[in-house]
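Letter by letter, the chains look like this.
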Amino acid sequence: MPEAATVVPPARPARGPLPAWAALSVVAAVGVASAAQGAANGELGVRLGEPTLAAVVNNAGGTLLVVLGLAVLPSMRTGLAALRRARLPWWSYLGGLGGAAIVVLGAYVVPVLGVAVFTIAQVAGGSLGGLAVDRGGLAPVGRLPLTAPRIAGGLLGVAAVALAQLGQPVGDLALGLVLLAVAGGLGVALQSALNGRVSAASSSAAGVAVNFAVSTPAVLLVAALAGALTGPAQPWPSAWYLYTGGLLGVCIVAGLVVGVRSAGVLRTGLALVAGQLGGALLLDALLPGGPGARPAVLAGAVLTLLAVVVAGRERRRR
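Predicted model, so just to flag it, every value in this text is computed and none were measured.

Draft legend 1. Spatial organisation of the overall build of the protein. Of regular secondary structure, the protein possesses eleven helices and zero strands. Secondary structure of the protein in N-to-C order comes out as α-α-α-α-α-α-α-α-α-α-α. Taking 318 residues into account, the globule formula puts the C-alpha radius of gyration at 20 Å, and the protein, at 20 Å, falls close to it. The dimensions of the protein, computed from C-alpha atoms along their principal axes, are 85 × 50 × 35 Å. In the protein, which comprises 318 residues, the share counted as buried stands at 46%. Here the contacts in the protein between residues at least 6 apart in sequence split such that 84% fall between residues at least 24 apart. As presented, the protein carries roughly 15400 Å² of accessible surface, and 70% of it is formed by carbon and sulfur atoms. For the protein, the separation between the mean place of its 19 positive charges and that of its 7 negative charges on side chains is 14 Å.

Listed below in structure tokens is the structure:
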């Protein structure tokens, strides 16, 4: 008697990227989370008397969430298994180093340059990096040409951030530190592109896991070299919201992966900045003792959204 044929279920089709407008909306939303993350980590670093220790807490929280995700998210486990078959180049997995770099640089550079100069330099580096990375085809959307609208969008984004920082205190304009901030922005652009490649070969959840698997040891190494792991100079604060940086960081990395897969690195970076400015505007208006809503920040957020549209004009026409 012949054996019954084994019924093999059809393979689940790979989920494609979101439409660009939807992906960039997600990125703008996580930009608000990024503003909240920066505020929480900054205050935690001040209260502990050691900014690098706040970065450790941030990445440790994100790593714990990734470990939890491995236990409850099949997409993370199957995505990591798919990576073993994808045979990506080794450097594709190093995106987390860009995130670690900007966290550590911010801890040491902001007190000297001030938030305004650091932010403008970082966005300038991110725009330059986004143009270069998209032109080189590192992101999963493939090679994007270096066109006039894309260059104009990048420049408009930098101008918008400069406008939003009007009236903010400026520290010592040390050229070396400014260049380090620009390099940090370049690192974030590379982080987005490489995490996007990993995600496209596996899953978004796996891309987040790889990011923290790489960034957390790097942050721990820097903290150890700085002597921050010996303990804080001040007692650990009890306010729960100061420890939400890891959760927000997971959301931010996941949102950037979604954006890069659909719209490339430049537009994703600009959408993130627009969300950050919108989040800063909300924090200024809602937090007790805050400066209130600042028209310059609102104008900067609107101009950055315009930069996202300008940078994508030619691509939509094709």
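Draft legend 2. Examining the pattern of salt bridges more closely. Within this structure, the stated rule accounts for two salt bridges. Arg47 is the partner of Glu43 in a salt bridge, and the nearest nitrogen-oxygen pair spans 2.5 Å. One end of the pair, Glu43, and the other, Arg47, are both in helix H1 (residues 20–48), four residues apart, so they sit about a helical turn from each other. Its salt-bridge partner being Asp134, residue Arg150 comes within 2.6 Å of it at the nearest N-O pair. A residue pair is termed long-range when its members are at least 10 positions apart, and Arg150 in helix H6 (residues 148–164) and Asp134 in helix H5 (residues 115–136) qualify at 16 residues. The class of Arg150 is buried, set by a relative accessible area of 5%.

Draft legend 3. Quick look at helix H3 (residues 74–86). Between its terminal C-alpha atoms H3 stretches 18 Å, which fits the 18 Å expected from 13 residues at 1.5 Å a residue. In this fold, the buried residues of H3 make contact with helix H2 (51–72), helix H7 (175–201) and helix H8 (204–225). Backbone geometry just downstream of H3 places Arg87 in the positive-phi region, at approximately 55°.

Draft legend 4. Geometry of the environment of Ile120. Positionally, Ile120 belongs in helix H5. For the pair Ile120 and Gln165, spaced 45 residues apart in the sequence, the C-alpha separation amounts to 8.1 Å. Not counting residues within four places of it along the chain, the set of residues in contact with Ile120 comprises Val158, Val161, Ala162 and Gln165.

Draft legend 5. Summary view of the packing of aromatic side chains. Applying the stated criterion to the full structure yields one aromatic pair. Relative to Tyr241, the ring of Trp240 has its centre 6.2 Å away and its plane inclined at 90°; by these criteria the two rings are edge-to-face. With a relative accessible area of 67%, Trp240 lands in the exposed category. For Tyr241, a relative accessible area of 34% gives the class partly exposed.

Draft legend 6. Summary view of the packing of H7 against helix H9 (residues 245–286). H9 packs onto H7 with a crossing angle of 85° between their chain directions and a minimal axis gap of 8 Å. Taken as axis vectors, H7 and H9 run roughly perpendicular relative to one another. Across the interface between the two elements, Ala189, Gln191, Ser192, Ala193, Asn195, Gly196, Ser199 and Ala200 of H7 pack against Val253, Leu256, Val257, Val260, Arg261 and Val265 of H9.

Draft legend 7. Local environment of the environment of Val158. Counting through the fold element by element, Val158 comes out in helix H6. Once residues lying within four places of it in the same chain are set aside, the contact partners of Val158 are Ile120, Val123, Ala124 and Ser127.

Draft legend 8. Seen up close, the packing of H6 against helix H10 (residues 295–311). Packing of H6 against H10 brings their axes to within 8 Å, and their N-to-C directions diverge by 175°. On the basis of their axis angle, the class for H6 and H10 is roughly antiparallel. The segment H6 lies against H10, with Pro149, Arg150, Ala152, Gly153, Leu156, Gly157, Ala160, Leu163 and Ala164 engaging Ala296, Val297, Ala299, Gly300, Leu303, Thr304, Leu306, Ala307, Val310 and Ala311. Taken together, the residues that form the contact of H6 with H10 break down as 14 nonpolar, four polar and one charged.

Draft legend 9. Structural detail: the confidence of the model for the protein. Scored by pLDDT, the protein comes out at a mean of 86, with 91% of its residues at no less than 70. Put simply, helix H11 (residues 313–317) is where the protein has its lowest mean pLDDT, 58, and H8 is where it has its highest, 93. Here residues 1–14 is modelled with pLDDT under 50, and outside its nearest four sequence neighbours on either side it reaches zero contacts, counting other chains as well.

Draft legend 10. Representation of unusual backbone geometry in the model. If you check the backbone angles, Arg87 has positive phi at about 55° while not being a glycine. By the secondary structure assignment, Arg87 is in the loop between H3 and helix H4 (95–113).

Cut-offs applied
Every chain's residues receive numbers from 1 upward, in the order its sequence appears when written. Local features are withheld for residues below a pLDDT of 70 in this predicted model, meaning they are given only at 70 or higher, and side-chain atom pairs are given and counted only at 80 or more; totals for whole chains, interfaces and linings count all residues. Note that the side-chain values use all heavy atoms of the structure and ignore hydrogens as well as water. Secondary structure elements follow DSSP: runs of H or I no shorter than four residues count as helices, runs of E no shorter than two count as strands, and numbering proceeds from the N terminus. Note that the radius of gyration is over C-alpha atoms, with the globule rule given as 2.2 Å times the number of residues to the power 0.38. Residue exposure (1.4 Å probe, protein chains only): buried if accessible area is under 20% of the type maximum, exposed if over 50%, otherwise partly exposed. Two residues qualify as a contact provided that any one of their heavy atoms is within 4.5 Å of a heavy atom in the partner residue. Accessibility throughout is a Shrake-Rupley quantity obtained with a 1.4 Å probe, and a residue counts as covered only by protein chains that appear here. In this count, Lys and Arg are taken as positive residues and Asp and Glu as negative ones, while His and the chain termini are left out. Note on charges: their place is set at NZ of Lys, CZ of Arg, CG of Asp or CD of Glu. Every case where a carboxyl oxygen of Asp or Glu lies within 4 Å of a side-chain nitrogen of Lys or Arg is listed as a salt bridge. In a helix, the anticipated span is given by 1.5 Å times the number of residues less one. Aromatic rings from Phe, Tyr and Trp, taking only the six-membered ring of Trp, are treated as a pair when their centres fall within 6.5 Å; an angle between ring planes under 30 degrees marks them as stacked, one over 60 as edge-to-face, and anything in between as tilted. Only the stretch in contact is used when fitting a helix axis, every axis being a line fitted to C-alpha atoms; angles between N-to-C directions are given from 0 to 180 degrees. Throughout, the term roughly parallel applies to angles under 35 degrees, roughly antiparallel to angles over 145, roughly perpendicular to angles from 65 to 115, and oblique to all others. Gly is put with the polar residues, along with every residue not named as nonpolar or charged; the nonpolar set is Ala, Val, Leu, Ile, Met, Phe, Trp, Tyr, Cys and Pro, and the charged set is Asp, Glu, Lys and Arg. What pLDDT expresses is the predictor's confidence in each residue, scored from 0 to 100.

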